[in-house]
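Given next are the chains, with one letter for each unit.
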Amino acid sequence: MFLPRLICLCLMLIASFFNAAQASTELSPEAMLSEWYPEAQISHQQAPFVGWRVEQAGNKLRYAFLSRQFADIPAYSGKPVELLLVMDDSGTLEHSRVIEHHEPILLIGIPAIKLTEFVDQYQGIGVGERVQVGLSRRDDIHSVDGVTGATVTVMVINQTIMKAVRGAMRALTSTPASAEATETGQLVEEWQPRSWPALLDAGLVQSLILTKGEVEQAFIGTRAAAKKPLSDPDAAFMSLYFAPLRLPEIGINLLGQQQYDRLMDSLSPGDEPILVVANSDYSFRGNGFVRGGIFDRVRLWQETAEISFRDLDYQRLGNSDIAAAGFPGFGELTIFIARDRALDLHHKWQFELMVRRQFGALDSEIASFYGDYQLPAAFIKGVKADVSTSDAWLDAEEDSPVWIAVWQHKRLQILVLSIGLLILLVILFAQDWLVQRPKLLHRVRTGYLCFTLFFIGWYSLAQLSIVNVFAFLHSLVNGFQWSSFLLDPMMFILWSFVALTLLLWGRGIFCGWLCPFGALQELVNELARRFKIKQYTVPFAIHERLWALKYLILLGLFGLSLQSLAQAEQAAEVEPFKTAITLRFMREWGYVAYALSWVFISIFLRKAYCRYVCPLGAALAVPARLRLFDWLKRRKECGDPCQLCAKECEVQAIHPDGRINANECHHCLDCQITYYNERKCPPLVMKAKKRRRRELEREAGRIKITNVENTGQQGE
């Protein structure tokens, strides 16, 4: 009764998506420019870059261009976001507008006005500015507000805008990055003995001194703010000192001649060692640092270039390694190495300390504090004291890939997900032991479904979708790039795990354990059973034919994707995943009604959507046919004459002849519980009866022999 109505509703929704897509129109770039500058003369140009010149009497000359010619950065969909940008001849951005994108979450889910409001924030930003998505507590870093639910996309847009504007400015000034490097002198090799206080007085060692009150002030207005006032806000939080060691005046005085020479010999050309020492209960190294990782509490900045440190860029020191007289001693001493000419000591640079404060189980806020460093001109031969670095953005290396920043930002989520997937592997490998303990297995499975729904789904928004499959297939044709798939670490890890389990177990591991919407349906059905709500079973003959429906939907979506991936993404709203999981039901009422309808049906019919409509389940069933092992055990009596497992299978994945259809199985392990249950499985029950009968016969034989022996003894 419910299924035909939902199918009709699904078709109506798809038709409405196509109508909306056909009805939507966008202004051309020329029309946008005319709207922004109604009295200006707009003309095409081919050099120094392709775009438009905007000339208006009495005003600066403006240049308009599309971002892709300078910044071809793939976003989450695997394709770049194309923007129309307008800047003046000084490199200040005046207008920005998204012309084309293929981001699923923005195509359907987040209103277009949100994206427009985001890019409008870049008005007035200069080519040499540093821009950060999210809160920044520095005056020289421009903060822009993100878009909830589209973090990865807006980070890509941020990098696209800034990279495109810098590329256009380079082309406009006809000055390649390499040609802008001004002639710089050499570091002074001569040195004289200096004590620790003398190094401080000369400005060769700089400090970053923080009180607890200053740190607390940075967290005011955030969820990590202290609930009670500090008893002593002037108490020391951290006393940190830093200095470059390559300059002999610094390095030899601090390390001594022999240790300085050993350090210099170990470095490659262009490496710059930086000494960092501190006293504090808060470790600048980080208590959670692991080998192969990146230090997430310290980094350097030089203009717009960010310099991070990995484990191979780190050397630990002790107080006995410092040779300077008057050195007070510190609790933490380290040498960080900026590699490959990333740091130029001739110009000003900054040391950043990131203070992370945890709140709740998984969330945290970060406050950054900065210390400036400028090597005194007296220690650089041939350079005046007022060396200008206003155009240093021309020499700045391009920003590191967006996916690296995303992985760093989500490292705690990555850790929790990795532990969860490892636990699932243990469950799967120990399934034969668990199924013999039904109560324990039921608790484990219910707990894991809650983890899938609340953490993987509603918290991490890592709901896999058929759209991901289409994006992957199109990337194979149009040029595969790992960076596109690395943009969302949770999805990448989950897809990698699903690919592994498809090969070993089949599609059931994802559909039965890792799909948040599937978990929602199953938990709702479990709750309904506790309240003894009547359950319905579809006759197998009808059920078997309804299986084909999801494959037909998959073929239709795939065919549509060959014509237009954007339209296929719109039609993929047949999946209620985005509404129920990604947007947490906060959407237009039609989408919410559609998603809730499937949840409501699951009260009476277990996982009806998964069984009959889900195109993702159908897509996973295709490669799952290559699985290497059959982990679900069967007996020759299964199906003939025994039908118990077929009747008890909640998703009806067992045929009447006893065969398990691996393409439809959700690996819930209920059939394996019955397989090992000697009181329930008919073949085992029969074997148990025969065994008891033989035991009774043997016991009766022993009694008879004993009676005969007793009778013989009495006769004697």
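Residues numbered from 1 in each chain as written. Predicted model: local features only at pLDDT ≥ 70, side-chain atom pairs only at ≥ 80, totals over all residues. Heavy atoms only, no water.

The next subject is the overall build of the protein chain. When you go through the protein chain residue by residue, the secondary structure sums to 27 helices and 16 strands. At a minimum sequence separation of 6, the contacts of the protein chain that also span at least 24 residues come to 71%. Split by element, the accessible area of the protein chain, about 35100 Å² in all, is 56% carbon and sulfur. (Helix = DSSP H or I, 4+ residues; strand = E, 2+ residues; numbered from the N terminus. Contact = heavy atoms within 4.5 Å. Areas by Shrake-Rupley, 256 points an atom, 1.4 Å probe, with all protein chains shown as cover.)

Let's shift gears to the pairing of strand β10 (residues 272-279). Of all eight residues in β10, seven are buried; the element is thus mostly enclosed. The pairing of strand β9 (residues 236-244) with β10 spans six bridges and is classified as antiparallel. If you follow Phe242 over to β10, its bridge partner there is Val276. Sheet topology note: the β10/strand β14 (residues 332-338) ladder contains seven bridges and is antiparallel. Across the sheet, Glu272 pairs through a bridge with Ala338, a residue of β14. (Buried < 20%, exposed > 50% of the residue type's maximum accessible area, 1.4 Å probe, protein only. Pairing = 2+ DSSP bridges.)

Bringing a positive patch on the surface into the picture now. A cluster of like positive charges, contributed by Lys636, Lys687, Lys689, Lys690, Arg692, Arg693, Arg694 and Arg698, occupies part of the molecular surface. Here Arg698 is to be found in helix α27 (residues 682-715). (Patch = residues over 30% accessible without salt bridge, like charges linked within 9 Å, V, L, I, M, F, W, Y side chains within 5 Å. Salt bridge = Lys/Arg side-chain N within 4 Å of Asp/Glu carboxyl O. Lys, Arg positive; Asp, Glu negative; His and termini not counted. Charge placed at Lys NZ, Arg CZ, Asp CG, Glu CD.)

So, about the packing of helix α11 (residues 411-429) against helix α13 (residues 438-459). Interaxial distance between α11 and α13 falls to 12 Å at its minimum, and their mutual angle equals 155°. In terms of axis orientation, α11 runs roughly antiparallel to α13. In the crossing of α11 with α13, the sense of the turn from one axis to the other is left-handed. Mapping the contact onto sequence places Gln413, Val416, Leu417, Gly420, Leu421, Ile423, Leu424 and Ile427 in α11 and Val444, Tyr448, Phe451, Phe455, Ile456 and Tyr459 in α13. Class assignment of the residues belonging to the contact of α11 with α13 gives a composition of twelve nonpolar, two polar and no charged. (Axes fitted to C-alpha atoms, helices over the stretch in contact; angles between N-to-C directions. Parallel < 35°, antiparallel > 145°, perpendicular 65-115°, else oblique. Left-handed = near helix turned anticlockwise from the far one by under 90°. Nonpolar A, V, L, I, M, F, W, Y, C, P; charged D, E, K, R; others polar.)

Right, let's get into the side chain of Glu352. Along the polypeptide, Glu352 turns up in strand β15 (residues 349-359). Classification of Glu352 by relative accessible area gives buried; the value is 0%. Reaching out from Glu352, the side chain makes a polar contact with the side chain of Ser368 at a distance of 2.6 Å. Polar side-chain contacts of Glu352 include one of 3.1 Å to the side chain of Tyr370. Sequence-distant contacts of Glu352, that is, excluding residues within four places in its chain, are made with Arg297, Val298, Arg299, Trp301, Ser368, Phe369 and Tyr370. (Polar contact = N/O pair within 3.5 Å; in protein donor to acceptor, adjacent residues only side chain to side chain.)

With that settled, the discussion passes to a nonpolar patch on the surface. Judged by side-chain polarity, Phe472, Leu473, Leu476, Val477, Phe558 and Leu562 come together as a nonpolar surface patch covering roughly 580 Å² of accessible area. Of all the secondary structure elements, the ones that give two or more residues to the nonpolar patch are α14 (466-478) and α19 (540-563). Counting residues per element, the nonpolar patch draws most heavily on α14, at four residues. Topologically, Phe558 is positioned in helix α19. A residue is classified by how much of its surface remains accessible, and Phe558, at 35% relative accessible area, is partly exposed.

Below, the discussion takes up the sheet that holds strand β2 (residues 51-55). Sheet architecture is open: five strands sit in the order β1-β2-β3-β4-β5, paired in antiparallel fashion. For this open sheet the edge positions go to β1 (41-45) and β5 (93-100), each flanked by a neighbour on one side alone. Pairs of neighbouring strands in the sheet enclose a mean axial angle of 20°, with direction left out of account. Pairing geometry for strand β3 (residues 62-66) and strand β4 (residues 82-88), over five bridges, is antiparallel. Pairing of Tyr63 across the sheet is with Met87, part of β4. Contacts from helix α2 (residues 29-36) reach β1, β2, β3, β4 and β5 within the one sheet, and its direction differs from that of β4 by about 40°. Those strands touched by helix α4 (residues 112-120) are β4 and β5, and its axis lies near 150° from that of β5.

Everything listed here is a matter of geometry and, on its own, says nothing about what the molecule does.
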